[in-house]
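# Chain and residue survey
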Amino acid sequence: LRGRRRVGGGEERARARLLERAMKAFFQGAKDVAKKVSHSVNKVESALLGNIPGLRVYKSYELGAQMGSAGPGLAFRVYDARPRKGGARVSVWLLDKRALAEGGGQEGRSRRQAAERFAAKLKAGAARVGKLRHPGVLRLVEAPDESRAGLALVTEPVLGSVANFLGRYARIARVPAALKAELSELEAKVGVLQLLDALAFLHGTGLTHASVSPDSVVLTPGGQWKLSGFEFAESAAGIGGADALPPGVGGGAASQQGGHFRWDEGFEARGMGSGADQEQELPEAPALAYTAPEIVAGGVPTPAADVFSLCALLHELLERKPLLACGGDLLSYKREVERIGTGAGSAFPRVPAAERRDLCLALAPNAAIRPASAALGGVPFFAGDASVRIVRFLSRMLERDPVHKAQFLQMLLGAWRSLPPRVLELHVLPPLLAELRDEASRVAALKVVLQIAESQDQETFVRCTLLGLQPVCASADGEALVMLLRALPVLVERWPDKAATEADLLAMVVRAIDSPVAVVSGEGLRAVAPVAAKVDYAAARKHILPRLHERGVRGTTPAARVAAVEAMRALAEGVFRGDRQTLELMCQSLGAVAQADSSAVVVAAVVKTGEVIAANGGLETAATKVLPLLCPLLVSRALTGTEFGALVATVRGILETVEAKYGGQAPVIGAAGSGGAVSAGAQRLPASGSSVASKPMGNWDDDLKVKALPGTTPAILAAPSGVPSSMLPPQSTVSDPFGMPGLQPTMGGGMRPMQAARMAPASAAAPMAPTAPAVTPVLGAPPATAKPGAPVDIFAGMSLGGPGSSVVGGVSGAPSMLAPPPRAAGAAMPAIFGGGAEAPAVASPPRRASGAPMPDLFNAGAQALAAPPAADNPFGLL
């Protein structure tokens, strides 16, 4: 265009100017449209999210739920917030000017001006707060953030104002559960004492708050009571008052003259009202129901005025009603003040008369007789309460002398139970948990903490106690560790989940088991059961079982071994219940423990643990692992009679269970009573073709008799034919002291398996000695008339003669009772059943001296059967 203006004439220049103006108008219109669109978007976003336009706080902090409301007339909404870039939690106070302007009774511009003046006062009060540093004064995190639509303050975390706890929920959309907690008398006393400390600090700097009320006192999550709302503060040093107010802010119904408030006669001050009045009116003066009479009369605010206001607040906390029931009416206020001054309506009716006097002095209309803020905390109402002294001592615990700490903690062991739960949570536990970091007072503080933890539910424990105990569990040793281990059943129930239990409690138990101190190690072993029930199965098997085996086998004392075995028993009936593989490993460990230490307590513990494993590991584990573990203990001399009886009962129970389950699946050799009766469920399976198959059931050894086959020689003596049954020896029963199936007695009193008594051919029988006369063999071939498979009478054909006779070549005359064959001195008893496993199943008859009579194996006389047993045959068996 410029080029064309240089080249062209006037007409072209005019067109160029018109085009330039059009383009400027177009771009300006686009900018205006963009602003309007942005403003509309911000309005829609604010309407949807509830944000106040123009505040930078939304970019820096992520707002959470609303915690409460505070400030003059509860104008501020208090939100929980967290910095977007990370950091500690804070509280964001939001004031919406638009809502304040729309809610008043004024019209148009005057309404907006009132909201601006009110916001300016709040901002000035925040500026004063930023200049103060005291634990009892609310801490401002950053400078106030203001826009045309609102005001934002960022402070340390708070729960809400005292007014919220008294049931005033103005500007709270949804009331949190924390604000519904009831403030006890003790908490009210402690809170007022904290405020007295803050007022003493302010008065020491020459500053008067001038508006102490439920709206200006806030509570922190840690239970601290703090002063806020310095909008009407007064100071000669210029910290507050009119010096801090911006130009044009002063004025209103309550005029500021000379830096103090003056109420005109007949004016209804817009102070602390109730109900809808709190949300509709903007307070431009301190709350009238808590203001000292001299300020209402036009006097300068002094420290005595703060004492009056604080006692008026204390009265409402104790009595649950305001001291001056005047609302915002000045005439009603004057009547209430006169009533209190004359004593017609005495304040603090629930307080004992001896303690009431000092509190009434603090409410006196004459400011000169009121006690100072620093002295009011020492009156009997506060100092005479032992619970108050406990909380005050704890608030300065870290500054106390170690000797005084020890005395105090010893006293606290029995005194903490009288404190309200909220006081314990907010004022007792935090200093005690901080004291756990001090080695000198850790044990004494831990005793109290563990007692309090036992009285808490899991939710309260996790919220108040868990974070303080976790570092102690990781580093405690000695007496502190023993205390934690003894309290482990309670701690396990309070700990939040398995992961935390393994990280904290299981690690502590493992560290205790590995400790070289016997007391600590023993407590660690006893703590295995409760912690193993709450941790993962794999963690318990990996970290606990190997240490139990180590302590059980290599323990230095029987007590340590017993503790390890008892821990195994707890695991067997708990976390490892039904785990056959792990229980079998336990049996191996128990066997090693019993082998390492055979003392009475250890053996008894092993027996009890074996019983538990048998009950929880299944029948197969009981039969294959537990029985081999318990049976050798039957001969242990360490067991008492009761313990031995219990062990025998356990073994018998396992055997009976095995018999009941497997008795019908195979031939059973059993007996339940005298006479050889077979136990129930057992079945006889006689050989096919046996002569006893069709006979009634007899003794227990009927099916064990060897059946001679054709061409073989029997291995067991059968009863001779023709011998009366009265002359035969009695059959063996279950009372046989051997009591082992599959074994047969030998002449020497020994035992050998039935398989060794196999039948051999007749040609294998040893021939008679050449020096002896020819006789009929005692053990000969079966007769020709014997049926295959039937019992053979190997004595058939033998002639039994009278006394003095002998049997030689079938000649009768042998004695009626066979005498034992004579033996040389020192000679061994001949074994008629064979020598050993390598010998043939049928043995040759013993040699006899020439002319000796044939021994009679069967004696019909009772005196022969009653003869005492020989020394080499202790059981008296043939």
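Residues numbered from 1 in each chain as written. Predicted model: local features only at pLDDT ≥ 70, side-chain atom pairs only at ≥ 80, totals over all residues. Heavy atoms only, no water.

Turning to the overall build of the protein chain, a few remarks are in order. Of regular secondary structure, the protein chain possesses 33 helices and 16 strands. Here the protein chain, with 878 residues, has 44% of them falling under the buried criterion. Partitioning the contacts of the protein chain with sequence separation of at least 6, the portion at a separation of at least 24 is 64%. Split by element, the accessible area of the protein chain, about 43,700 Å² in all, is 56% carbon and sulfur. (Helix = DSSP H or I, 4+ residues; strand = E, 2+ residues; numbered from the N terminus. Buried < 20%, exposed > 50% of the residue type's maximum accessible area, 1.4 Å probe, protein only. Contact = heavy atoms within 4.5 Å. Areas by Shrake-Rupley, 256 points an atom, 1.4 Å probe, with all protein chains shown as cover.)

Looking now at the side chain of Gln 66. Structurally, Gln 66 can be placed in strand β1 (residues 61-70). Take Gln 66: its relative accessible area is 13%, and that puts it in the buried class. Of note is the side chain of Gln 66, whose polar atom sits 3.5 Å from the backbone nitrogen of Ala 173. Excluding residues that lie within four positions of it along the chain, Gln 66 makes contacts with Arg 77, Val 78, Tyr 79, Arg 171, Ile 172, Ala 173 and Pro 176. (Polar contact = N/O pair within 3.5 Å; in protein donor to acceptor, adjacent residues only side chain to side chain.)

Bringing the layout of surface pockets into the picture now. Empty space within the second largest pocket amounts to approximately 1,100 Å³. Looking at the second largest pocket, it is lined by 35 residues, and the ones nearest its centre are Gly 222, Gln 224, Leu 426, Pro 430 and Pro 431. Among the elements of the structure, α7 (185-204), α15 (386-395), α17 (421-435) and α19 (458-464) are those that each provide at least two residues to the lining of the second largest pocket. With 10 residues, the single largest contributor to the lining of the second largest pocket is α17. Of the residues belonging to the lining of the second largest pocket, the class tally is 19 nonpolar, seven polar and nine charged. (1 Å grid on protein atoms, 1.4 Å probe; cavity = no way out; pocket = protein on both sides within 12 Å on 5 of 7 lines; lining within 4 Å. Points joined across faces, edges and corners; volume = space filled by probe spheres on them. Nonpolar A, V, L, I, M, F, W, Y, C, P; charged D, E, K, R; others polar.)

A cluster of nonpolar residues, Leu 19, Met 23, Phe 26 and Phe 27, forms a patch on the protein surface that exposes about 430 Å² of accessible area. By secondary structure assignment, the location of Phe 26 is in helix α2 (residues 10-49). For Phe 26, a relative accessible area of 56% translates into the label exposed. (Patch = residues over 30% accessible without salt bridge, like charges linked within 9 Å, V, L, I, M, F, W, Y side chains within 5 Å. Salt bridge = Lys/Arg side-chain N within 4 Å of Asp/Glu carboxyl O.)

This next bit is on the sheet that holds strand β6 (residues 160-161). Consider a sheet: its strands pair through backbone hydrogen bonds, and that pairing is either parallel or antiparallel. Spatial ordering of the open sheet is given by β6-β8-β9, a layout of three strands whose pairing is antiparallel. Taken across any chain shown, the strands that pair with only one partner, and hence form the sheet edges, are β6 and β9 (225-227). In terms of strand pairing, β6 meets strand β8 (residues 217-219) through two bridges, oriented antiparallel. When the bridges of β8 are listed, Ser 161 appears paired with Val 218. Strand contacts of α7: β8 and β9, with the helix running at about 35 degrees to β9, the strand carrying the most contacts. (Pairing = 2+ DSSP bridges. Axes fitted to C-alpha atoms, helices over the stretch in contact; angles between N-to-C directions.)

Inspection of the entire model under this criterion finds 31 salt bridges. Residue Asp 385 is joined to Lys 189 by a salt bridge in which the shortest nitrogen-to-oxygen separation is 3.0 Å. With Asp 385 in the loop between α14 (380-383) and α15 and Lys 189 in helix α7, this pair connects stretches of sequence that are 196 residues apart. Like Asp 385, the residue Lys 189 is buried in the burial classification. In this structure, a network of salt bridges that share partners links the residues Lys 97, Glu 116, Lys 123 and Glu 146.

To continue, consider the sheet that holds strand β4 (residues 140-146). With antiparallel pairing, five strands are arranged side by side in an open sheet as β1-β2-β3-β5-β4. Only two strands of the sheet have a single partner each, and these edge strands are β1 and β4. With strand direction ignored, the average angle separating the axes of adjacent strands in the sheet is 25 degrees. Relative to strand β3 (residues 90-96), strand β2 (residues 76-83) is paired through five bridges, and the arrangement is antiparallel. Directly across from Arg 77, in β3, lies its bridge partner Leu 94.

A separate point is the pairing of β2. The element β2 is extensively covered by neighbouring structure, given that six of its eight residues are classed as buried. Relative to β2, β1 runs antiparallel, the two sharing seven bridges. Bridge pairing in β2 links Glu 62 to Arg 82. What sits between β1 and β2 in their antiparallel hairpin is a turn of five residues, with Gly 71 showing a positive phi close to 90 degrees. Joining the antiparallel neighbours β2 and β3 is a turn of six residues, in which Gly 86 adopts a positive phi near 95 degrees.

Another aspect to go through is the packing of aromatic side chains. According to the stated counting rule, one finds six aromatic pairs in the structure shown. Taking 5.5 Å as the distance between ring centres and 70 degrees as the angle between the ring planes, the aromatic pair formed by Phe 26 and Phe 27 counts as edge-to-face. With centroids separated by 5.3 Å and ring planes inclined at 85 degrees, the aromatic side chains of Tyr 537 and Phe 576 adopt a geometry described as edge-to-face. Placement of the pair is Tyr 537 in helix α26 (residues 537-543) and Phe 576 in the loop between α28 (558-572) and α29 (580-596), with a sequence separation of 39 residues. (Phe/Tyr/Trp six-rings, centres within 6.5 Å; stacked < 30°, edge-to-face > 60°.)

Once that is clear, we can look at the packing of helix α30 (residues 600-616) against helix α32 (residues 641-662). Taken N-terminus to C-terminus, the directions of α30 and α32 make an angle of 25 degrees; their axes are 11 Å apart at the nearest point. With respect to α32, the element α30 is oriented roughly parallel. Considering the relative orientation of α30 and α32, their crossing is left-handed. Across the interface between the two elements, Ala 604, Val 607, Glu 611 and Ala 614 from α30 touch Glu 643, Ala 646, Leu 647, Thr 650 and Ile 654 from α32. The class makeup of the residues in the contact of α30 with α32 is six nonpolar, one polar and two charged. (Parallel < 35°, antiparallel > 145°, perpendicular 65-115°, else oblique. Left-handed = near helix turned anticlockwise from the far one by under 90°.)

Attention now moves to the packing of α30 against helix α31 (residues 619-630). It is the contact of α30 with α31, at a shortest axis distance of 10 Å, that shows an interaxial angle of 175 degrees. When the interaxial angle is binned, α30 and α31 end up roughly antiparallel. Taking contact as the criterion, the partners of Val 606, Val 607, Gly 610, Ile 613 and Ala 614 in α30 are, on α31, Thr 621, Ala 622, Val 626, Leu 629 and Leu 630. In terms of residue class, the contact of α30 with α31 is built from eight nonpolar, two polar and no charged.

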